[in-house]
Amino acid sequence: MAMVDTGAVRLHVQRIGPRDGRPATATLVLVHGLLTDSLASYYFTVAPAFAAAGLDVVMYDLRGHGRSERPADGYTLDDGVDDLEALLDRLAVTGPVHLVGNSYGGTVAFGYAARHPERAASVTLIESEPATPAWAVKLGGILDRVVTQLAHNETDAIAWITAHRGHNTARLARGAARLARDTTLGRDIPASRVLTEEQITAVRCPVLGVYGGDSDLAELAPWLEALLPDCRTVVLSGHEHSVLVEAAPAVGGQVLALVREAERAGAEQAGTEQAGTEQAGTEQAGTEQAGAEVR
């Protein structure tokens, strides 16, 4: 376990990579969802396979979640993007990264790509979407129910969850209730500054959307593909919002395919640019030589 001080908050971070001594081929940053989620949803599902595939994998608990520090306020979407930005700086990750976000984590990841398009090699949205006015309204409704039904009526709510969802889910719900009750998260996120359509379409890196076929978010797939310049979506039938955990091999395979494709395209582009630079240099040298001969 590592704790990284960003200057604003201390974040719990886990970082794993190839175990055979090979240098990592790219950096993959995994961002989890709200309230009951943490980096564990990646650590025990897709992260080990990503590391085995040769990637440098960075996971962290969002502020207020898991083992990260829980400040009383500072939970807007911009705060989340600020945390990610500062974390990568503290970890000395300077090149473009592949971003994967589950649920709210995808909104944070996309927000980072919109703010720093040059530092995003690809973005994967798992049951997620960019921050729009409709997104803010929806999150406001969800968080209002959490605050009113869970945080302010915790005993009855936890008893129902224990009876119908089991003790582990009840334990996570207690943590969510504390976070909603003790911080401004429930007010901050719905009040977050959202992205304009121009800011969304400015994200030019490859974007992958992965949705459960039984999730209401699956209807976002056509919208995303029509809006973003380089986007494809995958809908996994028989799954709902927890598709990351329920269908980890399928989700992980889709992410790895995107990363490899993006890295290959980047290498080809770099080769083309290098060849163009060398050709321009050769032509310049020839011009200068011809000028010298004329003189």
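Preceding this paragraph is the structure being described.
Notes on the structure follow. (Residues numbered from 1 in each chain as written. Predicted model: local features only at pLDDT ≥ 70, side-chain atom pairs only at ≥ 80, totals over all residues. Heavy atoms only, no water.)

A word on the nonpolar core
The biggest cluster of nonpolar side chains holds 55 residues, and the ones touching the most others in it are Val29, Tyr60, Leu99 and Phe110. Here Leu99 is in contact with Val29, Leu84, Ala109, Tyr112, Ala113, Ala120, Ser122, Val123 and Thr124, once residues within four sequence places are set aside. (Core = buried A, V, L, I, M, F, W, Y, C linked by side-chain atoms within 4.5 Å. Buried < 20%, exposed > 50% of the residue type's maximum accessible area, 1.4 Å probe, protein only. Contact = heavy atoms within 4.5 Å.)

Overview of the environment of Leu217
Along the polypeptide, Leu217 turns up in the loop between strand E7 (207-212) and helix H10 (220-227). Sequence separation between Leu217 and Glu129 is 88 residues, and the spatial gap between their C-alpha atoms is 8.4 Å. The residues contacting Leu217, other than those within four sequence positions of it, are Glu127, Ser128, Glu129, Lys138, Tyr211 and His241. (Helix = DSSP H or I, 4+ residues; strand = E, 2+ residues; numbered from the N terminus.)

Details of the packing of helix H3 (residues 77-90) against helix H4 (residues 104-115)
Here H3 crosses H4 at 70°, and the two axes come no closer than 9 Å. Of the possible angle classes, the one that applies to H3 and H4 is roughly perpendicular. Both H3 and H4 take part in a crossing whose hand is right-handed. Of the residues in H4, those touching H3 at Leu77, Asp78, Gly80, Val81, Asp82, Leu84, Glu85 and Leu88 are Tyr104, Thr107, Val108, Gly111, Tyr112 and Arg115. Partitioning the contact of H3 with H4 into residue classes produces 7 nonpolar, 3 polar and 4 charged. (Axes fitted to C-alpha atoms, helices over the stretch in contact; angles between N-to-C directions. Parallel < 35°, antiparallel > 145°, perpendicular 65-115°, else oblique. Left-handed = near helix turned anticlockwise from the far one by under 90°. Nonpolar A, V, L, I, M, F, W, Y, C, P; charged D, E, K, R; others polar.)

Quick look at H10
Owing to its 3.6 residues per turn, the α-helix brings residues three or four apart onto one side. Along H10, the positions that sit buried rather than exposed are Leu220, Ala221, Leu224 and Leu227. Viewed end-on, H10 has its buried residues packed into an arc of 140°, placing them on one side of the element. Opposite its buried face, H10 presents the exposed residues Pro222 and Ala226, each directed more than 90 degrees away. Where the residues of H10 are buried, they touch strand E6 (120-126), helix H9 (197-201), E7 and strand E8 (231-236). (Arc of directions from axis to C-beta.)

Some details on the side chain of Thr184
Within the secondary structure layout, Thr184 lies in the loop between helix H7 (167-182) and helix H8 (185-188). Note on Thr184: relative accessible area 14%, which makes it buried. There is a polar contact of 2.6 Å between the side chain of Thr184 and the side chain of Asp188. Not counting chain neighbours up to four residues away, the residues in contact with Thr184 comprise Ala72, Asp73, Gly74 and Tyr75. (Polar contact = N/O pair within 3.5 Å; in protein donor to acceptor, adjacent residues only side chain to side chain.)

Some details on H3
Relative to the 20 Å expected for 14 residues at 1.5 Å per residue, H3 spans 20 Å between its end C-alpha atoms, a close match to the ideal helical length. Considered for burial, the residues of H3 that qualify are Leu77, Gly80, Val81, Asp83, Leu84, Ala86, Leu87 and Leu88. Within two residues after H3, Ala92 carries a phi angle of roughly 60°, on the positive side. (Expected span 1.5 Å × (residues − 1).)

Comments concerning the sheet that holds strand E2 (residues 10-16)
Sheet architecture is open: 8 strands sit in the order E1-E2-E4-E3-E5-E6-E7-E8, paired in mixed fashion. A single partner strand is all that each edge strand has here, and the edge strands are strand E1 (2-5) and E8. Across the sheet, the mean angle from the axis of one strand to that of its neighbour is 25°, orientation sign disregarded. Bridge analysis of E6 against E7 gives 4 bridges, and the strand direction is parallel. In the strand pairing of E7, Leu125 is matched with Gly209. Here H10 sits on the sheet in contact with E6, E7 and E8, set at roughly 170° to E8. (Pairing = 2+ DSSP bridges.)

Some details on the pairing of strand E3 (residues 26-31)
With 6 of its 6 residues buried, E3 lies for the most part within the structure. Covered by surrounding structure in E3 are Ala26, Leu28 and Leu30 together with Thr27, Val29 and Val31, the residues of both alternating faces. Relative to strand E4 (residues 55-60), E3 runs parallel, the two being bridged by 6 bridges. Its bridge partner lying in E4, Ala26 is registered against Leu55.

What to know about the packing of aromatic side chains
Aromatic ring pairs are described here by two measures, namely the spacing of the ring centres and the angle between the planes. Scanning all chains against the criterion turns up 2 aromatic pairs. With a centroid separation of 6.4 Å and an interplanar angle of 15°, the aromatic rings of Tyr104 and Trp135 are classed as stacked. Separated by 31 residues along the polypeptide, Tyr104 in helix H4 and Trp135 in helix H5 (residues 133-151) bring together distant segments of the chain. Residue Tyr104 shares its accessibility class with Trp135, and that shared class is buried. (Phe/Tyr/Trp six-rings, centres within 6.5 Å; stacked < 30°, edge-to-face > 60°.)

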